[in-house]
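Tertiary structure, described
The chain contents come next:
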Amino acid sequence: MYLKRLELYGFKSFADRTRLEFAPGITAIVGPNGSGKSNLVDAVRWVLGEQSARQLRGSKMEDVIFAGTATRKGVGLAEVVLVLDNEDGALPIDYSEVTVARRVDRAGGSDYLLNGQRVRLRDVQELLYDTAIGREAYSVVGQGKIDEILSARDEDRRGLLEEAAGIVRFKMRKKEALRR
Ligand code: ATP
Ligand code: MG
């Protein structure tokens, strides 16, 4: 499984529809300061369910919507689409390509889509447990994250190990079962 494509529309500095194709292996994104490199990483985190505006370097969720520049008006809607190649079946879903999308508008409307179907955030999260992808998983390592892991509380660090060991899915199911 690998990240195959990322599409942005109205997300942060990406006012125009922007499409990035990734090949298997390593991709480096380079560019001058302020050109949007970190915004791309924010987009990946956001579409996977990041709920904290601060984690996305903003102060409120609306800050992810293109706010406009001196020469260009802002937009009313932000959308990110992330496409994962699932030819190897790493994701427990019967699709060779999995699309996760998230939309938000200024009126507070918010949607997640999985392969084009509206779903709950939980459905996205459940699909990604134990895959190392996801908001809290370790596939996105931001600046300062290494320090955070080293100084984390034991329980939080254990969470990362559990994700790597592939048991989060079962833990969540157990928790769910006990609640009923
Ligand atoms: P550096 O090399 O300094 O880390 P970078 O390439 O990572 O830079 P980003 O942090 O991704 O740059 O981009 C910052 C730019 O994105 C700033 O110019 C900021 O104004 C712009 N930006 C962020 N949010 C929005 C928004 N909602 N609307 C318009 N522009 C935005
Ligand atoms: Mg940056």
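Residues numbered from 1 in each chain as written. Chains lettered and ligands numbered in written order. Predicted model: local features only at pLDDT ≥ 70, side-chain atom pairs only at ≥ 80, totals over all residues.

Some remarks on the site of ligand 1
- Taken together, 14 residues lie around ligand 1, and Asn33, Lys37, Ser38, Asn39 and Ala67 are the ones closest in.
- Class assignment of the residues belonging to the shell around ligand 1 gives a composition of three nonpolar, eight polar and three charged. (Near = placed C-beta within 6 Å. Nonpolar A, V, L, I, M, F, W, Y, C, P; charged D, E, K, R; others polar.)

Some points on helix α5 (residues 168–179)
- Taking 1.5 Å per residue, twelve residues should reach 16 Å; α5 reaches 17 Å between its end C-alpha atoms and fits that length.
- The element α5 is largely exposed, with a buried count of one among its twelve residues. (Helix = DSSP H or I, 4+ residues; strand = E, 2+ residues; numbered from the N terminus. Expected span 1.5 Å × (residues − 1). Buried ≥ 20, exposed ≤ 12 C-beta atoms within 10 Å, placed from the backbone.)

Points about the UniProt feature "binding site: ATP" (unreviewed entry) in the protein chain
- The sites that UniProt annotates as "binding site: ATP" (unreviewed entry) are Pro32, Asn33, Gly34, Ser35, Gly36, Lys37, Ser38 and Asn39.
- Summarising the element assignment, Gly34 is placed in the loop between β2 (18–21) and α1 (37–47).
- The exposed category is assigned to Gly34, around which 9 C-beta atoms lie within 10 Å.
- Mapped onto the elements of the fold, Asn39 is located in helix α1.
- For Asn39, a count of 18 C-beta atoms within 10 Å gives the class partly exposed.
- Residues contacting Asn39, with those up to four places away along its chain left out, are Lys12, Ser13 and Phe14. (UniProt positions renumbered as here; feature names shortened; annotations may be inferred. Contact = placed C-beta atoms within 7 Å.)

Digging into the pairing of strand β5 (residues 110–114)
- Where strand β4 (residues 97–105) meets β5, five bridges bridge the pair, whose relative direction is antiparallel. The residue bridging Ala101 from the neighbouring strand is Leu113, located in β5.
- Between the end of β4 and the start of β5, which pair antiparallel, lie four residues, with Gly108 showing a positive phi angle near 100°.
- Sheet analysis places β5 next to strand β6 (residues 117–119), joined by three bridges and oriented antiparallel. Bridge pairing links Leu113 to Arg118 in β6. (Pairing = 2+ DSSP bridges.)

With respect to the environment of Gln117
- Structurally, Gln117 can be placed in strand β6.
- Distance from Gln117 to Ala132, taken between C-alpha atoms, is 23 Å for residues 15 residues apart in sequence.

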